[in-house]
Amino acid sequence: MSKLDLAVRHGHVATAEGMAYYDIGVRDGRIVALGRDLPAAKVEIDASGRVVTPGGIDSHCHIEQPMPAGVRLADDFDSASLSALCGGTTTLVPFAVQESGIALPETLAEYRRRAESRSRLDVAFHMVLAEPHAHALAHEIPAVIEQGCTSFKVYMTYEGMRLTDRQILEVLAVARREGAMTMVHAENADCIDWLTDQLLAAGRVAPHEHAASRPMLVEREAAFRAMALAELVDVPFLIVHVSSPETVAQIAAARARGLHVHAETCPQYLLLTAADLHGDAHEGAKYVCSPPPRDDRSREGLWAALATGQFDVVSSDHCPFGFADPLGKAAGLGRDFTCIPNGLPGVETRLPLLVSEGVLAGRLSWPQFVALGATQAARLYGLYPRKGSLMVGADADIVVWNPDDERVVSNDGLHHRADYTPYEGMRVRGWPEWVVGRGEVLFAQGRIAAEPGRGRVVPCDRPLPPRPGVAALAGGK
Ligand code: DUC
Ligand code: ZN
Ligand code: ZN
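This report concerns the structure included in the present document.

**Describing the overall build of the protein chain**
Argument step 1. Looking only at helices and strands, the protein chain has 12 helices and 20 strands in total.
Argument step 2. Here the C-alpha atoms of the protein chain give a radius of gyration of 22 Å, agreeing with the 23 Å that 2.2 N^0.38 yields for 477 residues.
Argument step 3. Overall size of the protein chain, expressed as C-alpha extent along the three principal axes, is 70 × 55 × 40 Å.
Argument step 4. Among the 477 residues that make up the protein chain, the fraction classed as buried is 60%.
Argument step 5. By sequence separation, contacts in the protein chain at least 24 residues apart represent 77% of the contacts at least 6 residues apart.
Argument step 6. When the accessible surface of the protein chain is summed, it comes to about 17200 Å², and 52% of that surface belongs to carbon and sulfur atoms.
Argument step 7. Distance from the positive charge centre (46 side chains) to the negative charge centre (59 side chains) of the protein chain: 4 Å.

Here it is, written out as structure tokens:
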């Protein structure tokens with residue numbers, strides 16, 4: 001075999017299937033050889049004493065999304081992808097959000113332009129359906145699926161985004177017909193609105209009341225309802241950012257009935273609690289996200305659910321707002337908790353936290369880490385095996401982890417543009433030492449070598465086999 005472009009040698013290689021010692025050879029951006037005694041390479045990475053994995057896939061992040069008036073996200077594709085890269089992620093899957101009066105293919109094209117001009121990493125898109133009108137269902141969804149956008153998020157809450165059960169059924173039926181994946185944000189909007197009104201009427205306006213306005217059961221109820229809707233249509237789907245073991249139990253019960261329901265959680269539900277929202281003055285606003293973090297028992301329950309394979313994906317839900325920014329968290333200063341934008345930065349800390357608190361703390365194996373951080377997202381969203389794997393022929397997206405690299409997290413050491421991290425002061429062990437994307441060294445022992453705009457938009461395949469009709473109408477339900 002002629003000379004390789006790049007080789008990663010002597011590492012302990014972890015994939016979702018298991019771990020073994022072998023070398024990885026790369027040419028023209030792809031993995032071309034696995035084994036020992038590979039030919040010489042122009043670039044040699046010595047991974048002795050290190051763990052080598054596929055590049056991470058962050059399949060839930062909000063980047064360059066327009067926000068309601070008076071609010072803006074802190075990151076663009078440049079800073080979000082830089083931050084993701086430094087945390088071991090090589091593919092981002094953010095949302096393109098449907099806007100009233102704009103056809104979905106146009107929206108997708110606009111987000112692709114944003115990513116192609118600024119992203120340092122490869123990007124694929126999900127699409128948020130805020131208005132699933134007849135033309136969108138019949139024509140625009142099939143058109144964007146043909147263009148490689150094969151997953152769709154629907155919201156059960158948030159004014160302007162929230163769909164009715166009827167609308168969700170219609171989206172699920174199209175997803176079944178087209179072979180697409182539906183992602184559901186499960187929180188009961190009426191319960192939240194009613195609780196919020198009670199809290200505000202009682203003068204309970206502080207940031208921590210955000211958690212009181214969205215207790216566990218509003219998630220559990222909505223998740224149960226979403227599963228009933230998907231069961232009626234008989235279509236696989238995914239519940240995003242599951243925050244509580246009670247919801248996990250509902251998911252397990254639905255799976256026992258034969259429903260293909262997938263589940264995602266995020267580091268904030270594994271590591272933070274509602275107590276974090278009780279900071280001095282406005283400090284609690286840093287932790288305001290939806291669903292909110294719960295309690296210690298919930299955190300441990302979610303770790304146990306991860307360990308026993310009840311989750312498919314751990315993503316960041318990166319949705320960064322500056323703390324001091326009047327168009328960020330400070331929009332809520334001196335006002336009530338409903339004025340605090342929902343969301344946390346986390347695209348860079350996602351995988352190091354999962355290594356440190358998951359693998360090195362003995363809660364997860366390296367193969368589970370790879371499955372949760374990369375491979376299963378690739379499978380669910382039609383990117384596998386090009387992404388999320390180390391197979392011959394896959395894109396050479398490779399991370400070399402140093403499990404002995406221990407750091408105290410400080411926002412100064414991170415690369416997003418938010419002015420805080422919810423994990424400030426945490427001791428985290430296990431950071432990327434080398435990151436390779438499509439065969440190029442993008443991060444080398446702290447040196448960043450990825451330019452804005454090098455990222456490509458990657459089309460997704462259909463993740464599911466298309467099926468006509470709706471099961472309940474074919475009889476039997
Ligand atoms: N909740 C969401 O649903 N999206 C972005 C951030 C958040 O907190
Ligand atoms: Zn959501
Ligand atoms: Zn989100």
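**Considering the site of ligand 1**
Argument step 1. Around ligand 1 sit His62, Tyr155, Tyr158, His185, His241, Cys289, Ser290, Asp317, Cys319, Asn342 and Gly343, and those are all the residues in its vicinity.
Argument step 2. Within the side chain of His185, a nitrogen or oxygen atom sits 3.0 Å from an oxygen atom of ligand 1.
Argument step 3. Here an oxygen atom of ligand 1 and a backbone polar atom of Ser290 are 2.8 Å apart.
Argument step 4. Protein chains bury 96% of the 240 Å² of accessible surface belonging to ligand 1 in isolation.
Argument step 5. Taking a 2 Å distance to the grid points as the criterion, the majority of the atoms of ligand 1 fall inside the largest pocket.
Argument step 6. Grouping the amino acids of the shell around ligand 1 by side-chain chemistry returns four nonpolar, six polar and one charged.

**Looking at the coordination of the zinc ion (ligand 3)**
Each angle at a metal carrying four tetrahedral donors should ideally be 109.5 degrees, and each at a metal carrying six octahedral donors should ideally be 90 or 180 degrees.
Argument step 1. Coordination of the zinc ion (ligand 3) by the protein involves His60 (NE2), His62 (NE2) and Asp317 (OD), with metal-donor separations of 2.0 to 2.2 Å.
Argument step 2. Going along the chain, you hit the donors of the zinc ion (ligand 3) in the pattern H-x1-H-x254-D.
Argument step 3. In this structure, the zinc ion (ligand 3) lies 3.6 Å from the zinc ion (ligand 2). No difference in accessibility class separates His60 from His62, as the two residues are buried.

**Topic: the pairing of strand β17 (residues 398-408)**
Argument step 1. Here four bridges tie strand β7 (residues 51-54) to β17, and the two strands are oriented antiparallel to one another. From the neighbouring strand, Val51 faces β17, where its bridge partner is Trp401.
Argument step 2. The sheet contact formed by β17 and strand β18 (residues 427-437) spans eight bridges and is antiparallel. The residue bridging Val408 from the neighbouring strand is Arg427, located in β18.

**Examining empty space enclosed by the protein**
Argument step 1. Counted by the stated rule, this structure contains two cavities of 30 Å³ or more.
Argument step 2. When its volume is computed, the largest cavity comes out at roughly 50 Å³.
Argument step 3. Lining the largest cavity are Leu108, Arg112, Ala124, Phe125, Gln147, Gly148, Cys149, Val457, Val458 and Pro459.
Argument step 4. Here the lining of the largest cavity is built from residues that sort into seven nonpolar, two polar and one charged.
Argument step 5. The volume enclosed by the second largest cavity comes to roughly 30 Å³.
Argument step 6. Lining the second largest cavity, in full, are Thr53, Pro54, Gly56, Leu351, Phe369, Val370, Gly373, Ala374 and Trp401.
Argument step 7. No other element matches the four residues that helix α12 (residues 366-380) contributes to the lining of the second largest cavity.
Argument step 8. Looking at side-chain class alone, the lining of the second largest cavity contains six nonpolar, three polar and no charged residues.

**Digging into the sheet that holds β17**
Argument step 1. Here we have seven strands laid out as an open sheet, ordered β3-β2-β7-β17-β18-β19-β20, and mixed in their pairing. Looking at the sheet topology across the chains shown, the edges are occupied by β3 (19-21) and β20 (447-448).
Argument step 2. Most of the contacts of helix α11 (residues 350-359) go to β18, to which it runs at about 130 degrees, and overall it touches β17 and β18.
Argument step 3. In the packing of α12 onto the sheet, contacts are made with β2 (12-14), β3, β7 and β17, and the angle to β7 comes to roughly 30 degrees.

Reading the values: the criteria
Residues numbered from 1 in each chain as written. Chains lettered and ligands numbered in written order. Predicted model: local features only at pLDDT ≥ 70, side-chain atom pairs only at ≥ 80, totals over all residues. Heavy atoms only, no water. Helix = DSSP H or I, 4+ residues; strand = E, 2+ residues; numbered from the N terminus. Rg over C-alpha atoms; globule rule 2.2 N^0.38 Å. Buried < 20%, exposed > 50% of the residue type's maximum accessible area, 1.4 Å probe, protein only. Contact = heavy atoms within 4.5 Å. Areas by Shrake-Rupley, 256 points an atom, 1.4 Å probe, with all protein chains shown as cover. Lys, Arg positive; Asp, Glu negative; His and termini not counted. Charge placed at Lys NZ, Arg CZ, Asp CG, Glu CD. Near = heavy atom within 4 Å. Polar contact = N/O pair within 3.5 Å; in protein donor to acceptor, adjacent residues only side chain to side chain. 1 Å grid on protein atoms, 1.4 Å probe; cavity = no way out; pocket = protein on both sides within 12 Å on 5 of 7 lines; lining within 4 Å. Sits in = over half its atoms within 2 Å of the grid points. Nonpolar A, V, L, I, M, F, W, Y, C, P; charged D, E, K, R; others polar. Donors = N, O, S within 2.8 Å, 3.2 Å for Na, K, Ca; no water. Pairing = 2+ DSSP bridges. Points joined across faces, edges and corners; volume = space filled by probe spheres on them. Axes fitted to C-alpha atoms, helices over the stretch in contact; angles between N-to-C directions.

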